[in-house]
Amino acid sequence: MALLKPFTDSKGRIPFELVRKEIKQVEKQISEQVRAFDKEIEPYIDYICNTSGKRIRPALAILAGGALGKITNDNLKIGVIFELIHMATLVHDDIIDEADTRRKTPTPNAKWGNGMAVLLGDALFSHSLLLATEFGDIDICRKVGTASREVCQGEVIQTQRRFDLNLSKEEYFRIIAMKTGALFAASASISATLSGADSTIEQKIYDYGLKLGTAFQIYDDCLDLVGSEDTVGKTLRTDLEKGKLTLPLLLLLETAPAAARKQLQQDIKRNIPLDFEVLVGKDAYQSAVDSSLDTAVDMLSEARENLTCLGENEYTTGLLEITRYLEGLINKCRA
């Protein structure tokens, strides 16, 4: 399929310039949802909603809708719903990880304590499900509920498997597909359905989103190891501290010499800070990170293949360019 020229904004950020107008409408609708809460709760919800990121999930919903035809308010609403769910998961993630900052801003748990943060995350979750009922379509509600359950199940399983040295790569991929890929996939595929996609195209768009989200999580897991807090804007190294066995660590455990592997396993069990370059050597450590990043790049290639069912228009190009943009971020993680 012939691609149009790439589009980014003036600062070269994620290629959502095409849907800037619609994203502004999403922001307006999120603000309206904030005001739907009780006046005593509204300031807390407003704080959470105003410390969020690039609105990737709403952008996917808008682009998928545009790729299939006309963009309507239903496409925007699906984006709003999944953004609220995403924000709820971030609130809960930061509690579990005991993170103090996200996007260079104090997390709700750091600001108001774990108890209040748990309740605020619950409030966002429940409100997003209530908002889904406005479609008056039980199938849409079911799909939103299923995606929400997938995210929660992924987080539960990940928490269960902390410090579990028997975790396989296949199990790791399943967990991150649930906890991150599911919302990417549902945002894009439900929106495509609202714009007239049949079941075959809906599944292709779902698979695109699932691969994109999984690749994004691998990138984020690598960033936790090699990124800078000043640049990334959130608390890093929490994966290791909390016993999350991410892909680079699983690869090191798989490839390290017996003595180094045994020491790694002992240090993980004892929750001792890991100095990979000392334990396995700089080259082996970097090789594990690079191999993980290669896996993410391969997934992005697979994601792009799912878009060949779509017509050639600027919105399809936007979906493709997101994968190219993420691939560029992934390559910046390499030494």
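Everything below is about the structure printed above this text.
Below is a summary of the structure that appears in this document. All residue numbers refer to positions counted from 1 along the written sequence of the respective chain. Only residues with pLDDT of 70 or above have their local features reported here, since the model is predicted, and side-chain atom pairs are shown and tallied only from 80 upward, although totals for entire chains, interfaces and linings are computed over all residues. Water and hydrogen atoms were dropped before computing side-chain values, which therefore reflect all heavy atoms in the structure.

**Some thoughts on the packing of helix α12 (residues 247-255) against helix α15 (residues 282-305)**
Orientation is described by lines fitted to C-alpha atoms, with helices fitted over the stretch in contact, and by angles between N-to-C directions that extend from 0 to 180 degrees. Each helix is a run of DSSP H or I of at least 4 residues and each strand a run of E of at least 2, with the numbering of both proceeding from the N terminus. Orientation of α12 relative to α15, taken along the N-to-C sense of each, is 125 degrees, at an axis distance of 8 Å. For the element pair α12 / α15, the angle class is oblique. For the element pair α12 and α15, the recorded crossing hand is right-handed. Contact residues: α12 offers Leu-247, Pro-248, Leu-251 and Leu-252, while α15 offers Ala-284, Tyr-285, Ala-288, Val-289, Ser-291, Ser-292 and Thr-295. Polar here means any residue other than Ala, Val, Leu, Ile, Met, Phe, Trp, Tyr, Cys and Pro, which are nonpolar, and Asp, Glu, Lys and Arg, which are charged; Gly is therefore polar. Tallied by class, the residues present in the contact of α12 with α15 amount to eight nonpolar, three polar and no charged. To sort the angles, those under 35 degrees are grouped as roughly parallel, those over 145 as roughly antiparallel, those from 65 to 115 as roughly perpendicular, and the leftovers as oblique. In this scheme the crossing of two helices becomes right-handed for a clockwise turn of the near helix relative to the far one and left-handed for an anticlockwise turn of less than a right angle. Contacts were defined at the residue level, with two residues in contact if any of their heavy atoms lie within 4.5 Å.

**Quick notes on helix α6 (residues 114-132)**
Each helix should span, by expectation, one fewer than its residue count multiplied by 1.5 Å. With 19 residues, α6 ought to run about 27 Å at 1.5 Å a step, and its terminal C-alpha atoms sit 28 Å apart, in line with that. A 1.4 Å probe rolled over the protein chains alone gives each residue an accessible area, and that area as a share of the maximum for its type sets the label: buried under 20%, exposed over 50%, partly exposed in between. For α6, every residue scored as buried is listed here: Ala-117, Leu-120, Gly-121, Ala-123, Leu-124, Phe-125, His-127, Ser-128, Leu-131 and Ala-132. Against α1 (20-34), α2 (42-49), α4 (73-97), α5 (108-112) and α7 (138-160) lie the buried residues of α6.

**Concerning the pattern of salt bridges**
Any carboxyl oxygen of Asp or Glu that lies within 4 Å of a side-chain nitrogen of Lys or Arg is treated as forming a salt bridge with it. On inspection of all chains with the given rule, the structure shows 18 salt bridges. As a salt-bridge pair, Asp-164 and Arg-161 come within 2.5 Å of each other at their nearest N and O atoms. Both residues of the pair, Asp-164 and Arg-161, belong to the buried class. Residue Glu-327 is joined to Arg-304 by a salt bridge in which the shortest nitrogen-to-oxygen separation is 3.3 Å. Residue Glu-327 is found in helix α16 (residues 314-332), and its partner Arg-304 is found in helix α15; the two are separated by 23 residues along the sequence. Through salt bridges with shared partners, a single ionic network connects Asp-139, Arg-142, Lys-143 and Glu-202.

**Topic: the side chain of Glu-83**
Tracing the sequence through the fold places Glu-83 in helix α4. Separated by 3.1 Å, the side chains of Glu-83 and Arg-55 make a polar contact. Nitrogen and oxygen atoms within 3.5 Å of one another constitute a polar contact, given that in protein one can donate a hydrogen and the other can accept it, and given that sequence-neighbouring residues count only through two side-chain atoms.

**Focus on the nonpolar core**
If you look at the biggest cluster of nonpolar residues, it comprises 98 residues, and the most contacted ones within it are Leu-60, Phe-82 and Val-144. With near-sequence residues (within four places) excluded, Leu-60 lies in contact with Phe-184, Ala-188, Tyr-208, Leu-212, Leu-319 and Ile-322. Working definition of a nonpolar core: buried Ala, Val, Leu, Ile, Met, Phe, Trp, Tyr and Cys residues. They are joined through side-chain atoms within 4.5 Å.

**Brief notes about the packing of aromatic side chains**
Working definition: an aromatic ring pair is given by the centre-to-centre distance plus the angle between the planes. Put simply, two rings from Phe, Tyr or Trp (the six-membered ring, in Trp's case) pair if the centres are within 6.5 Å, and we call them stacked under 30 degrees between planes, edge-to-face over 60, tilted for the rest. In total, this model carries five aromatic pairs according to the counting rule given. Ring centres of Tyr-44 and Trp-112 lie 4.8 Å apart, and the angle between their planes is 75 degrees; this geometry places the pair in the edge-to-face category. Residue Tyr-44 is located in helix α2, and its partner Trp-112 is located in helix α5; the two are separated by 68 residues in the primary sequence. Taking relative accessible area as the criterion, Tyr-44 reaches 25% and is therefore assigned partly exposed. Among the residues examined, Trp-112 registers a relative accessible area of 27% and is labelled partly exposed. Seen from their ring centres, Tyr-47 and Trp-112 are 5.1 Å apart, and the 75 degrees between their planes marks the pair as edge-to-face. With Tyr-47 in helix α2 and Trp-112 in helix α5, this residue pair connects regions lying 65 residues apart in the sequence. Look at Tyr-47 and you get buried, because its relative accessible area is 17%. Through pairs of rings, three or more aromatic residues link up here, namely Tyr-44, Tyr-47 and Trp-112. Sitting above the plane of the Phe-135 ring, Lys-77 keeps its charged end 5.3 Å from the centroid. Any Lys NZ or Arg CZ found within 6 Å of a ring centre and within 35 degrees of that ring's normal is scored as a charge over the ring.

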